[in-house]
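# Structural overview for review
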Amino acid sequence: MQHSNSYIIGFAVILTVVLGGLLALASTALKERQTIAVELDTRKQILGAVMEVEEGADIMELYKERITSKVVNRNGDEIEPKDADGKTIEPEKINIAKEYRKDPAERHFPVFIYEDKNGKSYILPVYGNGLWDRIWGYVALESDMNTIRGIAFGHKAETPGLGARISDDEVQNRFRGKKIFSEQNELVSVAMQKGEGRSYDSPHKVDGLSGATITAVGVNEMLENYFEYYSNYFGKKRKDSQALVQ
Amino acid sequence: MSTQTAEVAQVKKAEALFSKRRKKIITDPLDDDNPITIQVLGICSALAVTAKMEPTLVMAIAVMIVIVFSNLIISLMRNVIPGRIRIIVQLAVIASLVILVDQVLKAYLYDVSKIVGVYVGLIITNCIIMGRLEAFAMGNKPYDSILDGLGSGFGYAWVILAVAFFRELFGSGAIFDFKVFEAMGIAYQGNGIMTNPVGAFVIIGIIIWIQRARNGYVES
């Protein structure tokens, strides 16, 4: 069937308007739900660093009850970051990936403080590069700012069955109880070693990932970088707690 | 639009809801006219998503939804679509449906959308869908087109699920993230080639081989 040019143009215009309108409608209608989904996911990941979040648990409620959050700068001082309109940005809404591209001195570093009957732990977001794409995570430190209480990693595209294992509980649990400061009080971070299936006496060495050395190196670099970024904050906190002991 | 609904009503009177011809529309793409193994379409996504069962299942369902609805929509519009721009019209319909699926996943199944997010966008370029629109929906009635969409969707689904089954089993020693070999007490070191797209090539090749040997299909 041969149609006239004006019919074709008219058809194209109508189709575009209808489809465009439909998509705009769907986007607006689902926007709120999507924001909630993202917020829920962030909170679940933060909580995931210190506890097993059960399926169906009220994450929002749990989060509100247990977590207080703040933002620090490179010097370890608490700050109130503002967006372009001068409104304060919630620590949960800080986009770590975007911050990562800024100069460390200008970055905002969120700290999420988890508190239950066993005391406080400090949860820090970390971000870096794996083998194929970005990796990220949340590290929970005990109140001594030294012992790792728990860790939760996420990744975008690490190799399934190899590098992707960083998001398995079994791998994440290997970091538990490790220490990031040496006995001389120097920051040494923790590092996954080459090879797998060994246990290490050193509190800074973690059993590695066989077949995923580059992912493991990415994890090590990510942790080291972020412990360094937060080191001034750690220093202040450690001084405070030592003053308390004395 | 009204003329088409009338047509459907007429067909219902004349032909049973699942007549022999219609059953064939559904069952053909499962085996004798399978989109992946016989027509060799949609291979790219069959290679990309099949490393694990879970994302593969979501992908299969998403493709099925898109193929059924785009078949239906194009079939409804088939008499008014100008022939000269029909391809771009088909693409626009597919793309809109894919974006809708993606948005709904992001809103209601965020965890799943994190895994399959990238691949969902790639459904737009899945040749199976455009192939069905061009070859079937442009010339057939809406109800038949839905059946054809379902058939092709299932034909695609079983192949990629079969591939994912073997890739996850031998690649990570698991099914739906459940460690099978560990549960049986066998120490299993994952096979790296299976977690790579190369593994999918090998398995699809074997499936095609078995199928053609059984059906006696010869490339014409």
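Residues numbered from 1 in each chain as written. Chains lettered and ligands numbered in written order. Predicted model: local features only at pLDDT ≥ 70, side-chain atom pairs only at ≥ 80, totals over all residues. Heavy atoms only, no water.

Counting its regular elements, chain A contains 6 helices and 8 strands. Across chain A, helices and strands are ordered from the amino to the carboxyl terminus as α-α-β-β-α-β-β-β-β-α-β-β-α-α. Along the first, second and third principal axes, the C-alpha atoms of chain A reach 85 × 45 × 40 Å. Within chain A, contacts between residues at least 6 apart in sequence are counted, and of these 52% link residues at least 24 apart. (Helix = DSSP H or I, 4+ residues; strand = E, 2+ residues; numbered from the N terminus. Contact = heavy atoms within 4.5 Å.)

With that settled, consider the overall build of chain B. Counting its secondary structure elements, chain B contains 11 helices and 2 strands. Going residue by residue from the N terminus, the α and β elements of chain B occur as α-α-α-α-α-α-α-α-β-β-α-α-α. Against the globule reference of 17 Å for 220 residues, chain B gives a C-alpha radius of gyration of 19 Å, in line with a compact fold. When the backbone C-alpha atoms are referred to their principal axes, chain B occupies close to 65 × 45 × 30 Å. (Rg over C-alpha atoms; globule rule 2.2 N^0.38 Å.)

It is worth spelling out the interface of chain B and chain A at this point. With 27 residues of chain B at the interface, the matching set in chain A holds 27 residues. Here chain B meets chain A over a buried area of about 2300 Å², counting both sides, of which 66% is carbon and sulfur. Where chain B touches chain A, the interface holds 0 salt bridges. Counting across the chain B and chain A interface gives 5 residue pairs in polar contact (both at pLDDT 80 or more). Put simply, the parts of the chain that give the side of chain B that touches chain A at least two residues each are α5 (86-108) and α6 (110-122) of chain B. (Buried area = accessible area lost by both parts, 1.4 Å probe. Salt bridge = Lys/Arg side-chain N within 4 Å of Asp/Glu carboxyl O. Polar contact = N/O pair within 3.5 Å; in protein donor to acceptor, adjacent residues only side chain to side chain.)

Residue and element names in this part refer to chain A. Of the pairings in the sheet, the one linking strand β1 (residues 67-72) to strand β3 (residues 109-116) comprises 6 bridges and is antiparallel in character. Paired with Thr68 across the bridge in β3 is Ile113. The turn joining β1 and strand β2 (residues 78-79), which pair antiparallel and follow one another in sequence, is formed by 5 residues; a positive phi near 85° is taken by Gly76. (Pairing = 2+ DSSP bridges.)

All right, on to the environment of Arg74 of chain A then. All names here are of chain A. Looking at the secondary structure, you find Arg74 in the loop between β1 and β2. Taking the C-alpha atoms as reference points, Arg74 and Arg107, separated by 33 residues in sequence, lie 7.1 Å from one another. Residue contacts for Arg74: discarding those within four places in its chain leaves Pro104, Ala105, Phe109, Glu228, Tyr229, Ser231 and Asn232. Within the structure, the side chain of Arg74 is placed 3.4 Å from the side chain of Glu228, a separation counted as a polar contact.

This part covers a nonpolar patch on the surface. Together, Ile193, Val198, Phe201, Val202, Ile206, Trp209 and Ile210 of chain B make up a nonpolar patch on the protein surface, roughly 720 Å² of accessible area in all. If you tally residues by element for the nonpolar patch, the top one is helix α11 (residues 197-215) of chain B, at 6 residues. (Patch = residues over 30% accessible without salt bridge, like charges linked within 9 Å, V, L, I, M, F, W, Y side chains within 5 Å. Areas by Shrake-Rupley, 256 points an atom, 1.4 Å probe, with all protein chains shown as cover.)

Before going further, it helps to examine the pattern of salt bridges. Residues and elements named next belong to chain A. Here the structure, examined in full by the defined rule, presents 21 salt bridges over all chains. Of the charged contacts, one joins Glu78 and Lys70 as a salt bridge, the two residues approaching to 3.6 Å between their closest N and O atoms. Residue Glu90 pairs with Lys93 through a salt bridge whose shortest N-O separation is 3.5 Å. In this structure, a network of salt bridges that share partners links the residues Arg165, Glu170, Arg174, Glu196 and Asp207.

With that out of the way, let us pick up the sheet that holds β2 of chain A. Pairing between the strands of a sheet comes from backbone hydrogen bonds, and it takes one of two forms, parallel or antiparallel. Residue and element names in this part refer to chain A. Read from one edge to the other, the open sheet built from 6 strands follows the order β2-β1-β3-β4-β5-β6, with strand pairing classed as antiparallel. Sheet topology places β2 and β6 (148-155) at the edges, where each strand pairs with a single neighbour. Along the sheet face, helix α1 (residues 5-48) touches β1, β3, β4 (119-129), β5 (134-142) and β6 and points at about 50° away from the line of β5. Set on the sheet, helix α5 (residues 213-229) makes contact with β3, β4, β5 and β6; between it and β4 the angle comes to about 125°. (Axes fitted to C-alpha atoms, helices over the stretch in contact; angles between N-to-C directions.)

Turning next to the pairing of β6 of chain A. Residue and element names in this part refer to chain A. Among the 8 residues that make up β6, 7 are buried, leaving the element largely enclosed by the rest of the structure. Relative to β6, β5 runs antiparallel, the two being bridged by 7 bridges. For Tyr138, the partnering residue across the bridge sits in β6 and is Ala152. (Buried < 20%, exposed > 50% of the residue type's maximum accessible area, 1.4 Å probe, protein only.)

Let us look at the packing of aromatic side chains. Residues and elements named next belong to chain A. Per the stated rule, a full pass over the model turns up 13 aromatic pairs over all chains. Plain terms: the ring middles of Phe109 and Tyr226 are 6.5 Å apart, the flat faces sit at 80° to each other, and that makes the pair edge-to-face. Here Phe109 is found in strand β3, whereas its partner Tyr226 is found in helix α5, with 117 residues between them in sequence. A cation sits over an aromatic face here: Arg43 above Tyr63, 4.8 Å from the ring centre. (Phe/Tyr/Trp six-rings, centres within 6.5 Å; stacked < 30°, edge-to-face > 60°. Lys NZ or Arg CZ within 6 Å of the ring centre and 35° of its normal.)

Residues and elements named next belong to chain B. On the secondary structure map, Ile38 appears in the loop between α2 (20-27) and α3 (43-48). The sequence separation of Ile38 and Ala51 amounts to 13 residues, and the corresponding C-alpha distance is 22 Å. Setting aside its immediate chain neighbours within four residues, Ile38 contacts Asp31, Asp32, Asp33, Gln211, Arg212 and Tyr217.

Before going further, it helps to spend a moment on the nonpolar core. As a rule of thumb, nonpolar side chains are buried together in soluble globular proteins. Among the nonpolar cores identified, the biggest contains 50 residues, and Ile36, Val66, Ile74, Val89, Ile123 and Ile204 of chain B are the most heavily contacted of them. For this core, the secondary structure elements donating two or more residues are α1 of chain A together with α3, α4 (53-77), α5, α6, α7 (127-135), α8 (142-172) and α11 of chain B. Per-element accounting of this core gives the leading share, 11 residues, to α4 of chain B. Filtering out sequence-adjacent residues up to four positions away, Val89 of chain B remains in contact with Phe11 and Leu15 of chain A together with Ile74, Met77 and Ile81 of chain B. Grouped together as the second largest cluster of nonpolar side chains are 40 residues, Ile148, Leu209, Ala216 and Tyr229 of chain A included. (Core = buried A, V, L, I, M, F, W, Y, C linked by side-chain atoms within 4.5 Å.)

This part covers the side chain of Asp207 of chain A. Residues and elements named next belong to chain A. Relative to the helices and strands, Asp207 resides in the loop between β8 (205-206) and α5. For Asp207, a relative accessible area of 13% gives the class buried. A distance of 3.0 Å separates the side chain of Asp207 from the backbone nitrogen of Gly197, its partner in a polar contact. Once residues lying within four places of it in the same chain are set aside, the contact partners of Asp207 are Arg174, Met192, Gln193, Gly195, Glu196, Gly197, Arg198 and Tyr200.

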